[in-house]
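Reading the structure
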Amino acid sequence: MLVVEDEPKMAALLMDYLHAAGHRADWLADGREVAAFVQARHPDLVLLDVMLPGRDGLQVCRDLRGFSDVPIIMLTARADEADRLAGLEGGADDYICKTPFSPREIVARVKAILRRSRRAQADVASDEKGAASTLHIDAAAYRASFHGVALELTPVEFRLLRSLAAVPGQVLSREVLLNKLHDDRRAVTDRAVDAHIKNLRRKLEQAAPGCEPIRAVYGVGFRLEL
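Summarised in this report is the structure supplied together with it. (Residues numbered from 1 in each chain as written. Predicted model: local features only at pLDDT ≥ 70, side-chain atom pairs only at ≥ 80, totals over all residues. Heavy atoms only, no water.)

**Some thoughts on the sheet that holds strand β10 (residues 214-217)**
Our working definition: For two strands to be treated as a pair, DSSP must find at least two bridges joining them. By the criteria applied, helices consist of DSSP H or I runs no shorter than four residues and strands consist of E runs no shorter than two, each listed in order from the N terminus.
With antiparallel pairing, the three strands of this open sheet are ordered in space as β9-β11-β10. Across the chains shown, the open sheet's two edge strands, defined by having one partner strand only, are β9 (172-173) and β10. Pairing geometry for β10 and strand β11 (residues 221-224), over four bridges, is antiparallel. When the bridges of β11 are listed, A216 appears paired with F222.

Below is the structure:
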């Protein structure tokens, strides 16, 4: 995996904890170097600081989402909800505040995301059986397409789409979707689901202009209509 952090002591601490947990990790300190590294090395996960020289973490996150669905955990001292939502809307899969700094929590979050990724790759359940031919979901390969167009989804967006496609036409509440997306009892709000839904809708509509398959049911949740 890749650690992107401009403070050497913090980066070294993270690397030590990741290595102790059995992970191999590389380190970059400049945001301008991240995209090229990911394209060349294809890490399993990126731990991305927000405040970086050269190019900040939010910009780097958007860069990566232009060509990669690598899981991204953003690290920052900013604890405001607006900042957390900005990270999620930019394509991050998780957002961890450094204050207080807990490398053990970060490693636990890393393990949780990698565990869900492996589970999805091994899961050949028929999530897509109820979906129409316009939507294809390959759980084993972690890929999806809509109207024949491949969707570049983050792991969270992929799990969200799978959950909705498993019960087409059925409304899933924000609480249910949160439980399906995150199983580690983190403190998140309903607005996190809204942020991911917004990104997922945009990608589906880019694949098939004029189609709006995800519908909001006011005060209840969301459903997939195909």
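**Quick word on the pattern of salt bridges**
This is how it is decided: What counts as a salt bridge is simple: a side-chain nitrogen of Lys or Arg found within 4 Å of a carboxyl oxygen of Asp or Glu. Burial classes: relative accessible area under 20% of the type maximum marks a residue as buried, over 50% as exposed, and values in between as partly exposed (1.4 Å probe, protein chains only).
Overall, the coordinates contain twelve salt bridges when judged by the stated rule. Measuring nitrogen to oxygen at the nearest pair gives 2.8 Å for the salt bridge that ties K98 to E5. Here E5 lies in the loop between β1 (2-4) and α1 (8-20) and K98 lies in the loop between β5 (94-97) and α5 (103-122), a separation of 93 residues in the sequence. Looking at K98, the relative accessible area reads 12%, which means it is buried. Looking at E5, the relative accessible area reads 0%, which means it is buried.

**As for the sheet that holds β5**
Let me state the cut-off plainly: Fitted lines through C-alpha atoms serve as axes, helices being fitted only where they are in contact, and the angles separating the N-to-C directions of these axes extend from 0 to 180 degrees. Residues are treated as being in contact if the distance between any of their heavy atoms lies within 4.5 Å.
Taking strand neighbours across the sheet as the criterion, the five strands line up as β2-β1-β3-β4-β5 in an open arrangement whose pairing is parallel. The two strands at the open ends of the sheet, each matched to only one other strand, are β2 (26-28) and β5. Neighbour to neighbour, the strand axes of the sheet diverge by 20° on average, direction disregarded. With four bridges connecting them, strand β4 (residues 72-76) and β5 associate as parallel partners. Across the sheet, the residue bridging to L75 is I96, located in β5. The sheet contacts of helix α3 (residues 57-65) involve β3 (46-49) and β4, and relative to β4 the element is tilted by about 175°.

**Quick word on the packing of aromatic side chains**
One pair of aromatic rings is described through two measures. These are the centre distance and the angle between the planes. What counts, and what does not: In summary, the pairing rule links any two rings of Phe, Tyr or Trp, Trp by its six-membered ring, whose centres are within 6.5 Å, and it sorts them by plane angle into stacked for under 30 degrees, edge-to-face for over 60 and tilted for everything else.
Under the counting rule described, the total for this entry stands at one aromatic pair. For the ring pair Y142 and F158, a centre distance of 4.3 Å and an interplane angle of 35° mean the geometry is tilted. Residue Y142 is located in the loop between β6 (135-138) and β7 (143-146), and its partner F158 is located in helix α6 (residues 155-166); the two are separated by 16 residues in the primary sequence. As far as the burial class goes, Y142 and F158 line up, both buried.

**Regarding the pairing of β11**
Alignment of β9 against β11, held across two bridges, turns out to be antiparallel. Bridged to S173 within β11 is G221.

**Thoughts on α1**
Going by this rule: Helix span, as expected, comes to 1.5 Å for every residue beyond the first. Note that the arc is computed from the directions linking the helix axis to the C-beta atoms.
Taking 1.5 Å of rise per residue, 13 residues should cover 18 Å, and α1 covers 18 Å from first to last C-alpha, within 8% of that figure. For α1, the full list of buried residues reads M10, A11, L14, M15 and L18. Projected down its long axis, α1 shows its buried positions confined to an angular sector of 135°, all on one face. Seen from the buried face of α1, the exposed residues on the opposite side, beyond 90 degrees, are P8, K9 and A20. Where α1 ends, the next residue or the one after it, G22, has phi of about 95°, a positive value.

**Structural notes on the environment of E225**
In plain terms, the rule: Polar contacts, as used here, are pairs of N or O atoms within 3.5 Å; protein pairs need one atom able to donate a hydrogen and one able to accept it. Residues neighboring in sequence count only if both atoms are side-chain atoms.
One can find E225 in the segment after β11. Taking the C-alpha atoms as reference, E225 lies 8.8 Å from A165; in sequence the two are 60 residues apart. Residues in contact with E225, not counting those within four places in the same chain, are P213 and R215. Within polar-contact distance, the side chain of E225 engages the side chain of R223 at 2.5 Å.

**Remarks on the nonpolar core**
Quick reminder of the rule: Residues grouped as a nonpolar core are buried Ala, Val, Leu, Ile, Met, Phe, Trp, Tyr and Cys residues, joined through side-chain atoms within 4.5 Å.
Counting 26 residues, the largest nonpolar core has L151, L161, L164 and I214 as the members making the most contacts within it. At the level of elements, β6, β7, α6, α7 (174-181), α8 (190-207) and β11 are the ones that each hand at least two residues to this core. The biggest single contributor to this core is α6, with six residues. Residues within four places of L151 in sequence aside, it is in contact with A144, S145, F146, L161, K203, L204 and A207. Counting 19 residues, the second-largest nonpolar core is a separate cluster that includes V38, V46, L52 and L58.

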